[in-house]
Amino acid sequence: MPRIVVDGRAIDAAGGQSVIEAARAHGIDIPHFCWHPSLSVAGSCRVCVVEVEGRGLDIACNLPATEGMQVFTDSPAVRERRREMLELTLLNHPVDCGICDKAGECTLQDYHYAHNGAASASGERKVRATKFHALSDRIVLDNERCILCSRCVRFTHEVSKSHGLGILHRGDGSLLRETGDGAFARDPYSDNVLDVCPVGALLSRSSLYRARVWYLQPTRSVCPGCARGCPVDLWHRKPEWRLNALDPAKNRAIVRVTPRDDGRPEGPWICNKGRDLAALFERPRAMQAMLHGRAVPLDVAIDAAADLIDSSKTRIALVSSWASNEELAAFKDALGERFTTFVKEDHRPLPGETIEDDFLIRADKNPNATAAAALFPVRGKPMSAAPSGQPPDLVLAWGEGFDARGLPDGARAIVLDAYGHADHARADVFIPLSIQTERAGHYTNFQGVVRAFDACFDKPASVADAQELFAALAVGARVPA
Amino acid sequence: MTKLIMTFPVTETSHTLASYRSRGGYATLERVVREMRPEDVTREVTAAGVQGRGGAAFPAGRKWSVIKLNDGQPHYLCANADEGEPGTFKDRWILENAPHLLLESMLIAAYALQVRHAFVYMRGEFDLPYRRLASAIDEATAAGLMGERILGSAFDCDVLIYRGAGSYVCGEASALLTSIEGKRGYPRNRPPRLTVRGLYQRPTVVNNVETLSNITGIVRDGAAAFRAVGTADSPGTRLVSVSGHVNRPGVHEIDLGYAFERLLDDCGGVLDGRALKAVIPGGISSKVLTGDEIMPLALDHESLAAAGSSLGSGGMIVIAEGTCMVRLLQVMLRFYHHESCGQCTPCREGMGWLHRIIDRIVAGEGRPEDIDRLYRISAANDGTTICGLGDAAGYATSGILNKFRPEFEYWIEHKRSRFDGNLVCRASS
Ligand SMILES: Cc1cc2nc3c(=O)[nH]c(=O)nc-3n(C[C@H](O)[C@H](O)[C@H](O)COP(=O)(O)O)c2cc1C
Ligand code: SF4
Ligand code: SF4
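These lines cover the structure that appears in this document, whether it is placed above or below. The structure displayed is predicted, hence computed values, not measured ones. (Residues numbered from 1 in each chain as written. Chains lettered and ligands numbered in written order. Predicted model: local features only at pLDDT ≥ 70, side-chain atom pairs only at ≥ 80, totals over all residues. Heavy atoms only, no water.)

**A look at helix 3 (residues 38–48) of chain B**
An α-helical turn contains 3.6 residues, so a residue and the one three or four places further along point in the same direction. Buried within helix 3 of chain B are the following residues: Pro38, Asp40, Val41, Thr42, Val45 and Ala48 of chain B. Its buried side turned inward, helix 3 of chain B meets helix 2 (27–35), helix 4 (60–65), helix 6 (99–113), helix 10 (215–221) and helix 11 (223–227) of chain B. (Buried < 20%, exposed > 50% of the residue type's maximum accessible area, 1.4 Å probe, protein only. Helix = DSSP H or I, 4+ residues; strand = E, 2+ residues; numbered from the N terminus. Contact = heavy atoms within 4.5 Å.)

Structure follows, in structure tokens:
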């Protein structure tokens, strides 16, 4: 373990670490554009200069940390060189921050104010390049904002392996482009380039111009798109910037989804399905409790469900593989003894969706089937007969995918679901539930990793929280009238 | 004067295998594969002290010594035949007229470095050189001098030609390797050195065509014989491509240490009998010297270094009195701007900036502060770039500004060249 001294602080570098890595591991951030902890070293932006005693200036990203090295990250020579590199980086940049989605979280903007701050020293005409080049139907590229750091190119070469991006031409006429074979448009991980891009060159078409980032806040969450359960941040409007008159629905919108780097070995990446969670969450909701398709207040429906459970003999439950660990446990505590319980596969792969690959995407399109199966290990065909041999007289179906045609003859049905479906009207009791963004909880992924998600928004009053609902349905929970 | 490379009169057939053999060709290779161990060859090359002829004058033996023999990895050898440095056309002479000298030398080097596959990376515009080298490879292969079990020994080696696509930067050793790998020819950061991780991430030696062409002679005659030519610190000869305002431009082989004045005489003196204004001694990436500065100099690495320039690639551009240095710099900066690969920030942005400023000066829209700006952009490229292109452009710019600043000030003030009407040399009869 070489010991190096950075700005007077002795730190131990792990074997093979570069100076930028060693410094970062000890909380010292050396400014950089092209370097990225999960990608190979390009060494091209030249901003991460440091001064090494006895050796002069060098770039920290390609400098192996060696025993006794004295490194200065902010000496006068470093400051001047860094300022020069920033000046050159901005030379042909359009500085259109006023209309750029990245403004507020742009590394170039931050570094300019921190390390240069001066107006352009050049009076020459800037190099013009393409604005709004469609890299795919998901991403547009602004070549004038691109600083040619090649992070996005390296991502497609080293991580997603689609090799879908490259750089054309040379010198200050270099242009980032997609390859002609459509590999980028087919890359199921393509949207990660939005996050690796240090500037506003790559823009998501789904969130383009929807919000300035300083109006947004992230909420810790977990992608429910498959059994990998990637950690994500869901970005939505800050409460203090609520829109009251203009369009209040915007206050409850997920504007974008980004991976949340919790240091997992797979790296800080998610697939494009994870980017589209807003569309998944914002499908038409079930908002109204019903008895035989007739709208009733929520508490009436809950009472009716309790009555049904009390009055039936052979009960089967299909629990949701989209339920949180807490909800599953609440069900088991409250009703586990009264139901023979099976785990339901709420979602199956959609046509055209990547089923499984050797990177992140899993064939099981539910976030919590592992935890559900551990709590409810019964196997078999749930609808035909309970293990006792008796045909069931009550089926409780929790989660999406309820199909009234599958009900055994004469059985009653209690259906709990968050999203709208025509079959809900055929249930004896239908109770609408909250969705993931309206509650907190945990999922356990297929590797056994437990990840937490928090609530972004309040739950609408007309829908039930599953945990509270099960507590209300537990034996003895009701005060006899 | 000694001739180590241009040793024979060029005829219609002097490039063929038969002709080369009649001059003793491939006898050295035969002795090497029969009698020598790889390390003996490297020791001889190191003792000879032959320096790189591609630009940086790095001792070839020191480069070779980094390669670890019997380390279980494939090694590669690449001859740099990209010859892109403006003013340089001496490797072309070797490829056209002595292709077998290069091949024999490469095979000896390959033997020393335990290389199974050696490459020649050839400038895309080269046509005759390509055809000559390709047919030499065919001849050598047919004669059992190349391929498997060379001359009945256990040594196997093939030499393959890879043709470039017209990029100057692909002459930079690491970009050259990346290009052979089929990728975009971007130079690589060091470390790792190419002798540690080069072509396909394996230990690789890249040498200039002329550097390699000296190997056969060094091994045949011994290091001492090589050192007997040239100076103590610059042994051997160099091929110098002389161009510009001289009466007889062309490739000359000189002993290192040869007087510049004599070389100028050999070339028939300055065109039209004009005074010598300046010389760019080693390709445009070496710093310009005024006529007064270079006249008394001996042409060797140490004398030119002491004068603040270098022998570089041996591309000597002679500039007669009356030539406008502003326009010369404009041409050079257009070249660097066009050839910058665009990978690293200072060169990508700096080359265009330099070019636009000089264009504006020439268009009569210069400002006094432009000169300072040219200096500062040059300085911002000094030691900050991945490869030497950005640095070289900076040196070239500051070199010309240092010595010919009044011409730039004149143009900025008067919006025209100090040499208008006096630019073109009359064709000599
Ligand atoms: C931009 C650039 C272009 C170069 N072009 C050439 C070239 O055309 N031919 C060459 O031999 N070396 C060229 N070089 C030098 C090579 O990088 C390398 O140093 C050389 O081939 C090593 O061989 P040597 O040690 O035998 O000179 C170039 C270097 C740079 C930075
Ligand atoms: S688009 Fe962004 S990530 Fe890609 S090269 Fe340009 S600046 Fe870098
Ligand atoms: S110095 Fe210029 S040519 Fe060399 S790597 Fe950088 S951008 Fe490319």
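Once you've had a look at it, read on.
**As for empty space enclosed by the protein**
All names here are of chain A. Tallying each qualifying case throughout the model produces five cavities of 30 Å³ or more. If you add up the space inside the largest cavity, you get close to 230 Å³. Every residue lining the largest cavity is counted, 21 residues in all, and those nearest its centre are Ser320, Trp322, Ala418, Ser434 and Arg439. Taken as a whole, the second largest cavity spans an internal volume of roughly 90 Å³. Considering the residues around the second largest cavity, the lining is formed by 15 residues, among which Cys146, Leu148, Cys149, Ser150 and Cys152 are closest to the centre. (1 Å grid on protein atoms, 1.4 Å probe; cavity = no way out; pocket = protein on both sides within 12 Å on 5 of 7 lines; lining within 4 Å. Points joined across faces, edges and corners; volume = space filled by probe spheres on them.)

**Thoughts on the site of ligand 2**
All names here are of chain A. Close to ligand 2 lie Cys146, Ile147, Leu148, Cys149, Ser150, Cys152, Leu176, Cys197, Pro198, Val199, Ala201 and Leu202, which account for all nearby residues. Cavity membership is defined here by more than half of the atoms lying within 2 Å of grid points; on that basis ligand 2 lies in the second largest cavity. A per-class count over the shell around ligand 2 returns 11 nonpolar, one polar and no charged. (Near = heavy atom within 4 Å. Sits in = over half its atoms within 2 Å of the grid points. Nonpolar A, V, L, I, M, F, W, Y, C, P; charged D, E, K, R; others polar.)

**Details of the layout of surface pockets**
Any space left empty among the atoms is revealed by the rolling of a water-sized probe across them. Residues and elements named next belong to chain B. Here the largest pocket is characterised by a volume of approximately 1,500 Å³. Gly54, Gly55, Ala56, Glu172 and Ala173 are the residues nearest the centre of the largest pocket, which is lined by 46 residues in total. Listed by contribution, the elements that provide at least two residues to the lining of the largest pocket are helix 4, strand 4 (204–208) and helix 18 (388–414). When residues in the lining of the largest pocket are grouped by element, the largest group, five residues, is from helix 18. Of the residues belonging to the lining of the largest pocket, the class tally is 14 nonpolar, 21 polar and 11 charged.

**What about the site of ligand 1?**
Residues and elements named next belong to chain B. Of all residues adjacent to ligand 1, which total 18 residues, the nearest are Gly54, Asn80, Asn207, Asn208 and Thr211. Contact between ligand 1 and Asn80: an oxygen atom at 2.8 Å from a side-chain N or O atom of the residue. Here an oxygen atom of ligand 1 sits 2.9 Å away from a polar atom, N or O, in the main chain of Ala173. Burial of ligand 1 by the surrounding chains reaches 87%, relative to a free accessible area of 610 Å². The cavity where ligand 1 resides is the largest pocket. When contributions to the shell around ligand 1 are tallied by element, the ones reaching two or more residues are strand 4 and helix 18. It is strand 4 that contributes the most residues to the shell around ligand 1, three residues altogether. A per-class count over the shell around ligand 1 returns four nonpolar, nine polar and five charged. (Polar contact = N/O pair within 3.5 Å; in protein donor to acceptor, adjacent residues only side chain to side chain. Areas by Shrake-Rupley, 256 points an atom, 1.4 Å probe, with all protein chains shown as cover.)

**Examining the pairing of strand 12 (residues 231–237) of chain A**
All names here are of chain A. In terms of burial, strand 12 is a largely internal element, seven of the seven residues being buried. Relative to strand 12, strand 11 (residues 216–222) runs antiparallel, the two being bridged by seven bridges. Of the residues in strand 12, the one forming a bridge with Leu216 is Arg237. Examined bridge by bridge, strand 12 and strand 13 (residues 256–259) share four bridges and lie antiparallel to one another. Within strand 13, the position partnered with Val232 by the bridge is Pro259. (Pairing = 2+ DSSP bridges.)

**Section: the packing of helix 3 of chain B against helix 6 of chain B**
Residue and element names in this part refer to chain B. Where helix 3 meets helix 6, the closest approach of the two axes is 7 Å, and the angle between their N-to-C directions is 115°. Pair helix 3 / helix 6 crosses with left-handed handedness. Contacts between helix 3 and helix 6 involve Pro38, Val41 and Thr42 from the former and Ile108, Tyr111 and Ala112 from the latter. Residues belonging to the contact of helix 3 with helix 6 are distributed by class as follows: five nonpolar, one polar and no charged. (Axes fitted to C-alpha atoms, helices over the stretch in contact; angles between N-to-C directions. Left-handed = near helix turned anticlockwise from the far one by under 90°.)

**Section: a nonpolar patch on the surface**
Judged by side-chain polarity, Ile99, Phe132 and Tyr209 of chain A come together as a nonpolar surface patch covering roughly 330 Å² of accessible area. The topology assignment puts Tyr209 of chain A in the loop between strand 10 (202–204) and strand 11. (Patch = residues over 30% accessible without salt bridge, like charges linked within 9 Å, V, L, I, M, F, W, Y side chains within 5 Å. Salt bridge = Lys/Arg side-chain N within 4 Å of Asp/Glu carboxyl O.)

**Points about the sheet that holds strand 9 (residues 289–290) of chain B**
Sheets are built from strands that pair by backbone hydrogen bonding, the pairs being arranged parallel or antiparallel. Residues and elements named next belong to chain B. On the basis of which strands lie adjacent, the open sheet formed by five strands has the order 6-5-11-8-9 and mixed pairing. In this open sheet, the two strands that pair with only one neighbour each are strand 6 (250–255) and strand 9. The pairing of strand 5 (residues 237–244) with strand 6 spans six bridges and is antiparallel. Directly across from Arg238, in strand 6, lies its bridge partner Ile254. In this fold helix 15 (residues 325–339) packs onto strand 8 (276–280) and strand 11 (315–320), with an angle of close to 15° to the strand it touches most, strand 8.

**Describing the nonpolar core**
By size, the foremost hydrophobic cluster in this structure holds 138 residues, and its most contacted members are Leu202, Phe331, Trp398, Ile431 and Phe470 of chain A together with Tyr336 of chain B. If you tally residues by element for this core, the top one is helix 18 of chain B, at 10 residues. Leave out the neighbours within four places in its chain, and Tyr336 of chain B touches Glu85, Tyr168, Ile284, Ser285, Met351, Leu389, Ala392, Ala393 and Ala396 of chain B. Listed in part, the 61 residues of the second largest apolar core include Met6, Val50, Leu95 and Leu113 of chain B. (Core = buried A, V, L, I, M, F, W, Y, C linked by side-chain atoms within 4.5 Å.)

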